[in-house]
Protein chains: 2
Amino acid sequence: MLQVKTPDEVFALIQDEFTAIENRTEYIPFTSAMGRVLAEDILAEEYVPDFDRSTVDGFAVRASDTFGCSEAIPAILPLYGEVLMGQGADYTLPAGTCCAVPTGGAIPRGADCAVMIEYTEDYGDGTIGINKAGAPGQNMIFRGDDVYPGKPVLKAGRLLSSQDIGALAAIGRISVPVVKKLRVGVISTGDELVPPEAPPGPGQVRDVNTPMLVSMLTAFGAAAVDYGIVIDDETLLGEKMHKAAEECDAVLISGGSSVGVKDVTCRIIESMGTLLLHGIAIKPGKPTIMGKAGNKPLIGLPGHPVAAFFVAKLFVLPLLCQLMGGDMPRYTVTAELTESVGANHGRAQYNCCRLERHGTRLLAVPVRSKSGLITQLAGADGFFCIERDCEGLPEGAEIQVTLCVGD
Amino acid sequence: MLQVKTPDEVFALIQDEFTAIENRTEYIPFTSAMGRVLAEDILAEEYVPDFDRSTVDGFAVRASDTFGCSEAIPAILPLYGEVLMGQGADYTLPAGTCCAVPTGGAIPRGADCAVMIEYTEDYGDGTIGINKAGAPGQNMIFRGDDVYPGKPVLKAGRLLSSQDIGALAAIGRISVPVVKKLRVGVISTGDELVPPEAPPGPGQVRDVNTPMLVSMLTAFGAAAVDYGIVIDDETLLGEKMHKAAEECDAVLISGGSSVGVKDVTCRIIESMGTLLLHGIAIKPGKPTIMGKAGNKPLIGLPGHPVAAFFVAKLFVLPLLCQLMGGDMPRYTVTAELTESVGANHGRAQYNCCRLERHGTRLLAVPVRSKSGLITQLAGADGFFCIERDCEGLPEGAEIQVTLCVGD
C-alpha cells in the first residue's frame, strides 16, 4: 500500500514521473491561436517598422537646423514636401529644409528628428517656422526599433493571449507552431450515477463530475473525450480504461469512492502500468489515485464533486501543462476572510469562497457546507488553503485566494 | 470640444450612459455554457440528494442503540440488511438492528446515523459489533441538505465556470438561460495599414489592432465581427461605421491617430448619435473617443496597439459587461517591482510587465520600450498603473498587477 503524500510530494512526483510529450507541434493560423501553448520560440524575421517613423504630427527636420531656435527666434525652413500616410519617403531631405509628416508617417533620409506641429508655424509662403529646437532621434521610431530579424518575440511554452496575437500580427507570423491539444479521457464510475438529463431514481444521483471536468478541461485548452458512466464492475471498468488510454493522452476516472472500488481502480492501473500514488493529504481530495501507462497519466479522482474539483485544479491541470511543455501560471489575490474557518485534521484543507469588493477591501466569504455538497462549488469565485499545521484561520485573516472564475 | 476625462469619470460616464440590453436571453445546453453570462437566477426545483445518504462506508443505525458502547463493551446489533449503491432503502430499520451501507448509499427510515466500518466488527453470525457510539445525524447527508426546491443556486450575471457547470448538472438544469453573445464590430482605419498576411510596402505597417481586438473579444465571450481595414476617407468610414452599427451591438474603430482623422471619427459619431468623450487622461490611450447611437457604444480606439490594448481592457470590456448585465470581476495580484519606473505627465500611466516567481516572491518586471511599440505587449503577463499624481515607482515597490494571460 502506498503512503499518503503531501501536496508538495505530489508535485515532485509529477515532475519526476512525467515528461513533455514530443513531436506535438502543429501549425495553425495565428488568429486561431488564443489560449494555445506555443511550441517553439518565435523570432522576428524582419524589421518592424521597416522605415524610420514619426511618432507625432509635425515636421521632419535635421535637428541641427533647429538648434538655438525659440518662439522669439524661430528657425525658418523651406517646406520641401509632405509625407503621406502609408507612403514611403524615398528621398533625402536637403539640409536646411523640412517636410510635413503625420503620426506614423515615414521620415526621409537625412532628417533625424520630428518637431510637433504645436511648436511650428506655417507662414503660408512655403516656409515653416520652428519654435523649439529638436534633438536627434526625438519623436521618432527608427527602423527595427521595435523588432529586427532574429529578435526573440515570444518563448516556447507561452500560453498565447490577445496581446501576443497582436505581436504575431505585427511581425507577420500568420502561421504559428503550437502544441497539439491534449486528448483527455473522462470516465465516471458509480452504480448510483445517472446522466444529468435523467431523473434520479431511489438511491441515485446525477453525475456531476463528467460535465464539470469536461468543461474545465475544455476551458484549459484540452480536448476532453467523454467516456460516460461505467458501473462499478472491474471488467467493464478495465475495458473502458484501456480504450481511453489507447485513444487519449491522459485518463481521468472519477468515483469509485467505496473501498472495494478504489482497490479495483488501483488494480486496473497496476495492470496497465505503474501505480504511483494512493492518497493525498488534503481535505477534501484524499482518496486520489495516480498512475501511468508509459508517459500517460491515469488518474483516479475522488467521487465527491468538490474533492474532484480541487484535485483536478491543483494537480491534474499542472500535470497536463507539463505534458504540453507549457507554463502554468498560478496567481493568487490577497483577500480578507470574513469569518473564521476551522481546520484540525492533519491535512491541508481547501475551501471555496466568494469574493466581494467593499471599497478598497477585497473580502473572501467562505462557502460553508457539509463535505461533498455540490453547492459549495456553485458561484465560487476562488479557493484558499489552510495548511496542515494550522488549526484554522480567524475572521479578518489576510488570505491568498486562487481564482476560479471563467475557467 | 469635450474635456479630457479621468478614468473614474469615464467609468461613471459608462454607468450613466449605457444600460443592459433587454430581451437577450437564450437557452443553451448547460454543457455549452462555460464562459457565458447567466441571464436569470437559477433556483433548484428538486431535492439533492433526494434521499438520506451515508458519507462513509459502514452501518446505518439508530444512534440511541449505540449510546454508551465502546471497544470494551460493543453494542451488538443484528444485521438487518445491506444497502447497495444506486438502490433505494424503502423500508424502516427496526430498532436494535443495523444495515450495511456504502459511502453515498441510501439510509433507511428509522436510522439516523452511520457508523464508520473502522469502528465495527462483523462477528460472522449475522450480528455486528459497534465499538463507538454514534450521534444523531453523524456521517449523514439528509435529503435536501445540499439543495431543496426554491433554493437559489446561481445568480443572474454570473460568468459560468466549470464549478457552476457541475452545480447545474447536480440539480438537473440541462438547459440554462444565458445572455446572447454581443456582436461587436471591429474596424481598423489608416492609409498605412496592410493586413497581417501582406508584406508591408514603403511607409506601411501591418494591422495589429484587428486581430488583437478580435481575439480579446472572442476570449471575453463576444462575437467579434471583422470589418477589415478602411482607408482614412470620411465617406467610406461613415458607410462602414453605419453598416457595423446596424449589424452589431457595439462598434470599435481603431486608428485614425492623426488629427484630421480623429475629427472625422468624431463627426461620424455625432452624425450617428451622441459624442460622449474625446480624450482620457491615461498614457498610453489619450486619443480615445466614445459615443453612442441609442444604447450602442461607438468607440474610437487609439491607433497605437499598446494604447488600443489598454483602452480595450480598461474601458471597453467593462462597458460590454454592462451591456450584458454581467459581473466583470477585476482582480489584481500583488507583486514586487524589479526596476524603478518613471512617470510625470499628469496622466495615469499604464505599463505592461512580466511576472516571475522567485521562491515566495512574485516579481513584476516592467517591459521597457518606446511608446507604441508592439513588443511591449508580446509576452506580457499583466499590467500596472502609476497614478497621475505619482512621479514614478521605485525598485522594490509593492504594486498591484492586473493579469492578462490567456485572455
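Structure: see above.
Cut-offs applied
- Residues numbered from 1 in each chain as written.
- Chains lettered and ligands numbered in written order.
- Predicted model: local features only at pLDDT ≥ 70, side-chain atom pairs only at ≥ 80, totals over all residues.
- Heavy atoms only, no water.
- Contact = heavy atoms within 4.5 Å.
- Buried area = accessible area lost by both parts, 1.4 Å probe.
- Salt bridge = Lys/Arg side-chain N within 4 Å of Asp/Glu carboxyl O.
- Polar contact = N/O pair within 3.5 Å; in protein donor to acceptor, adjacent residues only side chain to side chain.
- Helix = DSSP H or I, 4+ residues; strand = E, 2+ residues; numbered from the N terminus.
- Nonpolar A, V, L, I, M, F, W, Y, C, P; charged D, E, K, R; others polar.
- Least-squares fit on C-alpha atoms with pLDDT ≥ 70 in both.
- Phe/Tyr/Trp six-rings, centres within 6.5 Å; stacked < 30°, edge-to-face > 60°.
- Buried < 20%, exposed > 50% of the residue type's maximum accessible area, 1.4 Å probe, protein only.
- Patch = residues over 30% accessible without salt bridge, like charges linked within 9 Å, V, L, I, M, F, W, Y side chains within 5 Å.
- Areas by Shrake-Rupley, 256 points an atom, 1.4 Å probe, with all protein chains shown as cover.
- Lys, Arg positive; Asp, Glu negative; His and termini not counted.
- Charge placed at Lys NZ, Arg CZ, Asp CG, Glu CD.
- Pairing = 2+ DSSP bridges.
- Axes fitted to C-alpha atoms, helices over the stretch in contact; angles between N-to-C directions.

1. Section: the interface of chain A and chain B
Many descriptions give the size of an interface as the accessible area lost when the pieces come together.
Here comes step 1: Each side of the interface is counted separately: chain A has 83 residues, and chain B has 83 residues.
Here comes step 2: Together chain A and chain B conceal approximately 6500 Å² of surface at their shared face, both sides included; 62% is due to carbon and sulfur atoms.
Here comes step 3: Taken as a group, Gln163, Arg206 and Tyr331 of chain A account for 10% of the area that chain A buries against chain B, more than any other trio of residues on that side.
Here comes step 4: Linking chain A to chain B there are four salt bridges.
Here comes step 5: Measuring nitrogen to oxygen at the nearest pair gives 2.5 Å for the salt bridge that ties Glu46 of chain B to Arg206 of chain A.
Here comes step 6: Where chain A meets chain B, there are 20 residue pairs in polar contact (both at pLDDT 80 or more).
Here comes step 7: Sorting the residues of the side of chain A that touches chain B by element identifies β10 (140-141), β11 (152-154), α2 (162-170), β15 (205-206), α3 (209-220), α6 (305-324), β22 (332-337) and β24 (348-358) of chain A as the ones contributing at least two each.
Here comes step 8: Ranked by residue count, the leading element in the side of chain A that touches chain B is α2 of chain A, at eight residues.
Here comes step 9: By residue class, the composition of the side of chain A that touches chain B is 43 nonpolar, 21 polar and 19 charged.

2. Comments concerning the relation of the copies chain A and chain B
Copies of the same chain, two in number, are related to each other by a rotation about an axis and a translation along it.
Here comes step 1: For these two chains of identical sequence, chain A goes onto chain B by a turn of 180 degrees and a shift of 0.0 Å along the axis, with RMSD 0.0 Å. What we have between these two chains is a two-fold relation. Among all residues of chain A, the minimum C-alpha distance to the rotation axis is found for Val333 of chain A, at 2.5 Å.
Here comes step 2: Take the interface residues of chain A: 100% of them recur as interface residues in chain B, which is what a same-surface contact looks like.

3. Things to note about the environment of Gly406 of chain B
Here comes step 1: For Gly406 of chain B, the location among the structural elements is in the segment after β28 (398-403).
Here comes step 2: Every residue in contact with Gly406 of chain B, bar those within four places of it in the chain, is listed here: Met34, Leu159, Leu160 and Ser161 of chain A.

4. Structural notes on the packing of aromatic side chains
All names here are of chain A.
Here comes step 1: Scanning the model with the defined rule gives 14 aromatic pairs over all chains in all.
Here comes step 2: Each ring, one from Tyr80 and one from Tyr91, has its centre 5.6 Å from the other, and the planes form 50 degrees; the classification is tilted. Of this pair, Tyr80 sits in strand β5 (residues 75-82) while Tyr91 sits in the loop between β5 and β6 (98-101), and the two are eleven residues apart along the sequence.
Here comes step 3: For Tyr91, a relative accessible area of 25% corresponds to the partly exposed category.

5. Overview of a negative patch on the surface
Residues and elements named next belong to chain A.
Here comes step 1: A grouping of Asp8, Glu9, Glu387 and Asp389 is seen on the molecular surface, where their side chains present a negatively charged patch.
Here comes step 2: Inspection of the secondary structure puts Asp8 in helix α1 (residues 7-17).
Here comes step 3: Classification of Asp8 by relative accessible area gives exposed; the value is 60%.

6. Comments concerning the sheet that holds strand β20 (residues 289-293) of chain A
Residues and elements named next belong to chain A.
Here comes step 1: Across the sheet, which stays open at both edges, the six strands sit in the order β16-β13-β17-β21-β20-β18 with mixed pairing between neighbours. Looking at which strands have only one partner, the edges of the open sheet turn out to be β16 (223-230) and β18 (274-278). Strand-to-strand twist in this sheet, taken as the mean axis angle between neighbours without regard to direction, amounts to 15 degrees.
Here comes step 2: Bridging between β18 and β20 involves four bridges; their strand directions are antiparallel. When the sheet's bridge partners are listed, Leu275 is paired in β20 with Gly291.
Here comes step 3: Its contacts with the sheet place helix α4 (residues 234-247) against β13 (183-189), β16, β17 (250-255) and β21 (296-301), and it is angled at close to 170 degrees to β16.

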